[in-house]
Amino acid sequence: MNSYLIRVRRSALASPIVRGVCLSAICLLCAGVSTAQQTARAPQLTGELTPELSRTIRTWEFLPVVGTRAGLFGNEAGRFEAWVYPLKIFRDFHLTFHVGDRALPAESLARSLTVRPESASILYVGDLFACAKTLCVPVNEAGAVILLDVETEEPLEVEASFIGDFQLEWPAALAERL
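Keep in mind it's a predicted model, so treat the numbers as computed, not measured.

Participant: Can you help me understand the overall build of the protein in this one?
Facilitator: Counting its secondary structure elements, the protein contains two helices and 13 strands. Partitioning the contacts of the protein with sequence separation of at least 6, the portion at a separation of at least 24 is 60%. Of the roughly 10,200 Å² that the protein leaves accessible, carbon and sulfur atoms contribute 56%.

Participant: Whenever I open this one, the packing of aromatic side chains confuses me. Can you help?
Facilitator: Tallying each qualifying case throughout the model produces eight aromatic pairs. Judged by centre distance (6.3 Å) and plane angle (55 degrees), the ring pair of Phe80 and Phe90 falls under tilted. With Phe80 in strand S6 (residues 80–84) and Phe90 in strand S7 (residues 87–99), this residue pair connects regions lying 10 residues apart in the sequence. The same class applies to Phe80 as to Phe90, namely buried. Following the ring pairs from residue to residue traces out a cluster consisting of Phe80, Phe90, Phe93 and Phe162.

Participant: What's the story with the layout of surface pockets in this structure? I'm lost.
Facilitator: Take a probe with the size of a water molecule and roll it over the atoms, and the empty space left behind shows itself. One number sums up the size of the second largest pocket: a volume of about 170 Å³. Residue lining of the second largest pocket: 14 residues in total, with Val65, Val66, Pro117, Glu118 and Ser119 positioned closest to the centre. Take the lining of the second largest pocket: its biggest share by element is four residues, from strand S4 (residues 62–66).

Participant: Could you clarify how one ought to interpret the pattern of salt bridges in this entry?
Facilitator: Any two side chains of opposite charge can pair, given that their charged atoms come close. Evaluated as defined, the whole model comprises eight salt bridges. The partner of Asp92 in a salt bridge is Arg79, with the nearest N and O atoms 2.3 Å apart. Of the two residues, Asp92 sits in strand S7 while Arg79 sits in the loop between strand S5 (70–75) and S6, which places them 13 residues apart along the sequence. On the basis of relative accessibility, which here comes to 25%, the residue Asp92 falls in the partly exposed class.

Participant: I keep staring at unusual backbone geometry and nothing clicks. Help me out?
Facilitator: Apart from glycine, the bulk of residues carry a negative phi angle, and the bulk of peptide bonds sit in the trans form. Across the junction of Tyr85 and Pro86, the peptide omega takes the value 0 degrees, indicating a cis bond. In this fold, Pro86 is placed in the loop between S6 and S7. Of note in this structure, Asp92 is not a glycine but carries a positive phi near 60 degrees.

Participant: Hey, could you run me through the pairing of S6 in this one?
Facilitator: In summary, the side chains of a regular strand alternate between the two faces of the sheet. For S6, the tally of buried residues reaches four of five residues, placing the bulk of the element in the interior. Here five bridges tie S5 to S6, and the two strands are oriented antiparallel to one another. Bridging from a neighbouring strand, Ala70 pairs with Val84 of S6. Counting the residues that bridge the hairpin from S5 to S6 gives four residues, and of these Gly78 lies at a positive phi of roughly 115 degrees. Relative to S7, S6 runs antiparallel, the two being bridged by four bridges. For Val84, the partnering residue across the bridge sits in S7 and is Leu87. What sits between the antiparallel neighbours S6 and S7 is a turn of two residues.

Criteria and thresholds
- Residues numbered from 1 in each chain as written.
- Predicted model: local features only at pLDDT ≥ 70, side-chain atom pairs only at ≥ 80, totals over all residues.
- Heavy atoms only, no water.
- Helix = DSSP H or I, 4+ residues; strand = E, 2+ residues; numbered from the N terminus.
- Contact = heavy atoms within 4.5 Å.
- Areas by Shrake-Rupley, 256 points an atom, 1.4 Å probe, with all protein chains shown as cover.
- Phe/Tyr/Trp six-rings, centres within 6.5 Å; stacked < 30°, edge-to-face > 60°.
- Buried < 20%, exposed > 50% of the residue type's maximum accessible area, 1.4 Å probe, protein only.
- 1 Å grid on protein atoms, 1.4 Å probe; cavity = no way out; pocket = protein on both sides within 12 Å on 5 of 7 lines; lining within 4 Å.
- Points joined across faces, edges and corners; volume = space filled by probe spheres on them.
- Salt bridge = Lys/Arg side-chain N within 4 Å of Asp/Glu carboxyl O.
- Pairing = 2+ DSSP bridges.

Here it is as structure tokens:
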């Protein structure tokens, strides 16, 4: 399993709440990154309101974030796998928050889900921090973006873990076995 740590530290020059935007993973292919960012910011630049739906997390519910050439498939607690047609890139992606000497799995801190046409965001809330994980897959590009927006009052480490799993999509996987 691969783990990546992201550290957010309190700064004497910053306000009491340190705002940081941490790019936890740019997965799949880089071609989708610029398109995904333009798609996510376009309504804000033009002053239009983006339709969105929000509700409390249901950990058992399926959560797809898809385009025509890539997709993130998982549950509302935040565990998912990534595909770029016709290849599965990784599975079992999840976050762990390290506060002091405690390791808190993100699934236990998931509070709300917000879905927009261009993305889905899961809000994780702990005693001393809040983290919004935004998943975005461009419509016509082979790529995805996972963005973490962290607010914290104390030092915080965010660990992103996944298992690399380069599997071909069915029925291509059957040809490998013949």
